[in-house]
Each structure stands twice: as structure tokens, then as C-alpha cells.
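Observations on the model geometry
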Amino acid sequence: MNRASKIFWPMLVKPKDAVIKQTEQLSRSQKLLTELGLIKSGSNGTYQIMPIAQRSLDKCINLVQQNMVEAGGQKITLPVLTSTALWKKSGRLEGDISEFYMVRDRSGKQFLMSPVSVWTIREYFLLNAISFQTHEEAVTAMLATAAPISYRQLPLRLYQIGPKFRDELKSRFGMMRAKEFLMKDMYTFDLSQETAKDTYDIITKAYDRFFQQLEVPFVKVNAETGIMGGSLSHEYHYISSVGEDTLVKCESCGFAGNAEVFHQSSNCPNCQKADNLSQVHGVEVAHTFLLGDKYSKPLGATFLNTSGKPQSLIMGCYGIGLSRVLAASLEVLSTDQELRWPKLLAPYDVCVIGPKQGSKEQTLAERVEYNLLEHLGDICGSDEVLHDDRKDLTIGKRLLDGKRLGHPFIIVAGAKSVLPEDPRLELHSSDGNKMELNLNEALQMVNQYVSQKKHLINIRMSTKEEEQTNRQQKVGHTL
Ligand SMILES: [Zn+2]
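Source: prediction; values computed, not measured.

Here we take up the overall build of the chain. When helices and strands are tallied, the chain shows 13 helices and 23 strands. Here the chain holds 479 residues, and 51% of them are scored as buried. The long-range fraction of contacts in the chain, counting pairs at least 24 apart against all pairs at least 6 apart in sequence, stands at 69%. Element-wise, carbon and sulfur atoms account for 51% of the exposed surface of the chain, whose accessible area totals about 22800 Å².

Close approach of charged atoms allows side chains with opposite charge to pair. Counted by the stated rule, this structure contains 22 salt bridges. With its nearest N and O atoms 2.7 Å apart, the salt bridge here joins Lys 59 to Glu 384. Placement of the pair is Lys 59 in helix H2 (residues 51-70) and Glu 384 in the loop between helix H10 (362-380) and strand S20 (385-388), with a sequence separation of 325 residues. Among the residues examined, Glu 384 registers a relative accessible area of 13% and is labelled buried. For Asp 185, the salt bridge goes to Lys 164, with nearest N and O atoms at 3.4 Å. Here Lys 164 lies in strand S9 (residues 156-165) and Asp 185 lies in strand S10 (residues 180-190), a separation of 21 residues in the sequence. Here the two residues Asp 185 and Lys 164 agree in accessibility, since each one is buried. Overlapping salt bridges bring together Asp 388, Arg 390, Lys 397 and Asp 401 as one network.

Right, let's get into the pairing of strand S19 (residues 350-353). Residue alternation in S19 divides its side chains into two sets, Val 350 and Val 352 and Cys 351 and Ile 353, and both sets are buried. Relative to S20, S19 is paired through 4 bridges, and the arrangement is parallel. By the bridge assignment for S20, Ile 353 is matched with Asp 388. In this fold, S19 hands off to H10, which returns the chain to S20; that crossover is right-handed. Strand direction decides the pairing type here: S19 and strand S21 (residues 409-412), joined by 4 bridges, are parallel. For Cys 351, the partnering residue across the bridge sits in S21 and is Ile 410.

A few words now on the sheet that holds strand S5 (residues 81-83). An order of S5-S7-S6 is seen for the 3 strands of this open sheet, with the pairing classed as antiparallel. Lying at the two open borders of the sheet, with one neighbouring strand each, are S5 and strand S6 (102-104). Averaged over all neighbouring strand pairs, the angle between strand axes comes to 40°, with direction disregarded. In this structure, S6 lies alongside strand S7 (residues 110-113), joined through 3 bridges in antiparallel fashion. Bridge assignment links Arg 104 to a residue of S7, and that residue is Gln 110.

Sheet strands pair via backbone hydrogen bonds, and the direction of the pair is either parallel or antiparallel. Strand order in the open sheet made by the 6 strands is S1-S20-S19-S21-S22-S23, with mixed pairing throughout. In the strand order of this sheet, the two ends are held by strand S1 (2-3) and strand S23 (434-437), each with one partner. Strand contacts of H10: S19, S20, S21 and strand S22 (425-429), with the helix running at about 160° to S20, the strand carrying the most contacts.

This paragraph deals with the coordination of the zinc ion. Within the protein, the zinc ion binds to Cys 250 (SG), Cys 253 (SG), Cys 268 (SG) and Cys 271 (SG); these donor distances fall in the range 2.3 Å. Around the zinc ion sit 4 donor atoms; with metal-centred angles ranging over 107 to 114°, the donor geometry is tetrahedral. We note that the donor set of the zinc ion lies within a single chain, spaced as C-x2-C-x14-C-x2-C. Here Cys 268 lies in the loop between helix H7 (259-262) and strand S15 (277-292) and Cys 253 lies in the loop between strand S13 (245-250) and strand S14 (256-258), a separation of 15 residues in the sequence. Among the residues examined, Cys 268 registers a relative accessible area of 0% and is labelled buried.

Here we come to unusual backbone geometry. Note that the residue after Leu 154, namely Pro 155, is joined by a cis bond; omega there is 0°. Mapped onto the secondary structure, Pro 155 falls in the loop between strand S8 (149-150) and S9. Phi angles above zero are rare outside glycine, and Glu 215 is one such case at about 60°. Take Glu 215: it is sitting in the loop between helix H6 (193-214) and strand S11 (218-222). On the basis of relative accessible area, Glu 215 is assigned to the partly exposed category, the value being 40%. Of note in the backbone geometry, Gln 272 takes a positive phi value of approximately 70° without being a glycine. For Gln 272, the location among the structural elements is in the loop between H7 and S15.

The next subject is the nonpolar core. Judged by nonpolar contacts, the single largest core of 67 residues is most densely connected at Leu 38, Phe 210, Phe 211, Ile 320, Leu 322 and Val 325. With sequence-adjacent residues up to four places away left out, Phe 211 is seen in contact with Val 216, Phe 218, Tyr 236, Tyr 238, Val 285, Ala 286, Ile 320 and Val 325.

According to the stated counting rule, one finds 10 aromatic pairs in the structure shown. Plain terms: the ring middles of Trp 87 and Phe 100 are 5.5 Å apart, the flat faces sit at 80° to each other, and that makes the pair edge-to-face. Here Trp 87, found in helix H3 (residues 84-90), pairs with Phe 100, found in the loop between H3 and S6; they are 13 residues apart in sequence, far enough to count as distant. Centroid distance Tyr 101 to Phe 165: 6.3 Å. Interplanar angle 80°. Geometry classified as edge-to-face.

What follows is about helix H1 (residues 28-35). For H1, the buried fraction is high: 6 of the 8 residues fall into the buried class. The set of residues buried in H1 consists of Ser 29, Gln 30, Leu 32, Leu 33, Thr 34 and Glu 35. Of the surrounding elements, those touching the buried residues of H1 are strand S2 (39-41), strand S3 (47-49), helix H9 (322-333) and helix H11 (395-405).

It is worth spelling out the side chain of Thr 140 at this point. Mapping Thr 140 onto the fold places it in helix H5 (residues 136-145). A polar contact is formed between the side chain of Thr 140 and the backbone oxygen of Glu 136, at a distance of 2.4 Å. Those residues in contact with Thr 140 that sit more than four places away from it in its chain are Tyr 295, Ser 296, Leu 299, Ala 301 and Met 315.

Rules and cut-offs
- Residues numbered from 1 in each chain as written.
- Predicted model: local features only at pLDDT ≥ 70, side-chain atom pairs only at ≥ 80, totals over all residues.
- Heavy atoms only, no water.
- Helix = DSSP H or I, 4+ residues; strand = E, 2+ residues; numbered from the N terminus.
- Buried < 20%, exposed > 50% of the residue type's maximum accessible area, 1.4 Å probe, protein only.
- Contact = heavy atoms within 4.5 Å.
- Areas by Shrake-Rupley, 256 points an atom, 1.4 Å probe, with all protein chains shown as cover.
- Salt bridge = Lys/Arg side-chain N within 4 Å of Asp/Glu carboxyl O.
- Pairing = 2+ DSSP bridges.
- Right-handed = clockwise from strand over helix to strand, strands pointing away.
- Axes fitted to C-alpha atoms, helices over the stretch in contact; angles between N-to-C directions.
- Donors = N, O, S within 2.8 Å, 3.2 Å for Na, K, Ca; no water.
- Tetrahedral: all angles 85-135°; square planar, octahedral: opposite > 155°, others 65-115°.
- Core = buried A, V, L, I, M, F, W, Y, C linked by side-chain atoms within 4.5 Å.
- Phe/Tyr/Trp six-rings, centres within 6.5 Å; stacked < 30°, edge-to-face > 60°.
- Polar contact = N/O pair within 3.5 Å; in protein donor to acceptor, adjacent residues only side chain to side chain.

Function cannot be inferred from these measures alone, as they are strictly geometric.
Laid out in C-alpha cells, this is it:
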């Protein structure tokens, strides 16, 4: 059981009428997270994640890991420091490196700290460069120096979760655009373009599922154009006014693209209609890329084919910005006053508030409170229950905190819980409902919620056939 009185939870106490110096642009979720003591601003552009928010981030990490394992992923850890010598080989140091953090060791060797590209699609075409996650060189060099890899070992799908760095000129919107953030990056290795395409489908399906599980509306932007010679790329965006990418969305068929991609034609490239296009702002939360032999060739990463001859590995790279997914989900779902979480990322399922210390109903209401806590522990697992045991505070004050934190459910055992005829609990749900229920009814509500969560966890990855059927139905529907 988690007890609110023991949790490190450094809420900002603002003196009345205080003028707080705004050092950076705040988004509403960041403002709430900071005020509620879920994150703290470190040196400009970095964030300290406090225990309650860390729970949510850990849930996000676990969910991604489940999906990666299901898609055949194996977890590894690559060093944060990558030798710049490797980047010279791949040619990436010739690009714009102003946002990279570089360090030297005592012998003068230079290293990059896990960077992430911020090239827009436009730059991508202009430079004819390939966008990337971060560790392509490192992982490719690792495979190049491993014992000869046989075609029998392929495909290989390696992923890691770790910090990435970007020397943002203007970091803003909290964890959405920070100088250091958490990312899941996967690198895949196949024996041919065809099997690499299969891998690409499997991983993007795992991404689709992950974003469906979070239940935050997302658009999957198709960055495929044919210019790169059959390369494939998709971006996943949350639609938000603080988003920095401009997207064009076709309301007729659901197709979305970067404004740059749409630029050439006034029609939807998918359904050819022109009358139903709208512009929206997106926060990019994930990116997938089929890379071909862009890195394996210069770095000499090969496998032995069926005739025992070395052949270049065909690669893909796949990234999800985990801290950004969390921040952007909150940004999309929350109100100005209260946080709202995806079900699977809420720090706790339910918060229990009992009577105030010294109130006349204390003894009797506490019996109800502890009985409730025990039952909730059985339903959700005790780690998903937050007991707000700060009994020196009034119920009202704790309820206010709980609402701002956005717990899916807050259940209050107070004066109404000691009515001898019909003891009642007050249940507040994050969708804005307030109900007076008896114990069983309240438990049933929570039970339903737990089933919904289970259902989300068990969403299957859709197969190719299902997807085709869906598409046909969708097209049928729009016509
Ligand atoms: Zn369309």
C-alpha cells in the first residue's frame, strides 16, 4: 500500500499574489506536473522526475518492453558515449552537429553523448540524408566486429532504453522538448530487403498497438515518397496545439502527412480528394525507418549467406520518445486544472481518503476506510492503491489534491460512511462523475476499470488480413 504521507512529493507552495518569473514557455501539463511536485525543473532544459511521475514513466517503459518482446525484440544496452570516429565513417559528422553534446576523455578522444536528430522531413529530402535514431553506428559497428553472423540467426531485433541528449537552443514545454530525455530505440537486421520489410511491418504493428493501448488519439504519418528508392518511414504524432510539426490530415480517409510531403499536390495522396484536408499541429512521439544498407555497408556489417559469402545486413531503426509520450499524453488529455492519464499510465488506480484526525466520525469512518483499503488491494493489487493518510488535512483539501493529480478514482470514507442504516462512500471518477455508493457498488466500479485495463493490455496485434478487411470497411464507409 502506498501512503501519501510517506511519498516524496514536493508540491510548489505559491505565496498568494506571487509573481513567478517565467524562464521558459510552459505547457499546461508541465505547469500542473511542476505545481503538484511530480517533476522538478533542473538546470534549464532538464527535468528531475519525482516518485509519482516515475511510477507512470516506469509503466510506460514496461508497456513498450512487452510490445518489443512480442515483436521479437531482445534488450541490450549500448554506451551513452559513442566515438566520433565512428560517425566520421558514416558521414553523419558532416551534417549539422550544433545540437550534439560532445565530450573528450583525458587522452583527447572525442565522444558524442547519445544524440537524436531533429531533422525535419524537408531537410531530409534536401540533404538526401537519412533520418536516424541515435545508435546506428554503435550497434552496426558492434555487429561488424561480432563473430560472423549466419543467415540462420536473422532477423535480429535489438532494442535499448536509455537517455538521449540534444543541446536545444530553446528547450520548452517541459519534458516534451528537453535537453535530456528517455527513449526506446530498436535496430533490426535482416538478410534481404523483403524480410526487412516484413520486420518493418511487425515493428510498426507493435507501435500501433502500443499507441492504441494508451488511448490517446494519434496519427500515423506516412513519410514514404519513393524518392529514397523504396525506403519506408512513418512518424507517430499526437495532435496538440503545442506541437511543432505541421501536419495535413485528410478527414475523408484518415491519411496524414507532413505539410512538406503534401506541399506538391493539393489532393490527398491516398484517396485523391481535395476538399477535406485540414492542418493540425503534431507532437512527434515515435519514428520508424527502413534503412537498407546505409550504415551496414560503410561500417562493414555483414552476414554469411546460404552460400557462405558475406553480404551486407539490411537495417531498420525504430524509436519511441518515452518521456515525451508521457508528457504529450498528459498535454492532450489534461484540463487546465487537473491532470488526466492514459489508463495504463496512471500512477495509481485509486486513491482512498479517510476522515480527518479528531473529527467526530473518525473511529467509525476509519473502520470503513480500512475495510475498503483491504478490498481494493485485492481488486487492483495493493501497489495500485494510494492511501491519502495525511489525516491532519481536511477531506476537502486532500480531495482537491487528488483531483488535480487526476486519479482514475478517489473514494472518500467520511461522515456519510457512518450512517447506521445506509453507509455511503463518495466516489469521484476522473471523467468528472461524483457518486454516493455503498461498498459493493464502489468496488464494482473499480473492478470494471481493472477489467478495462486488462482488456487494453491484451489488445492483439492486428494481422495483415484483419488490417486489409478494416481498410476495405473503412473505404466502404467513407464512400
Ligand atoms: Zn484522403
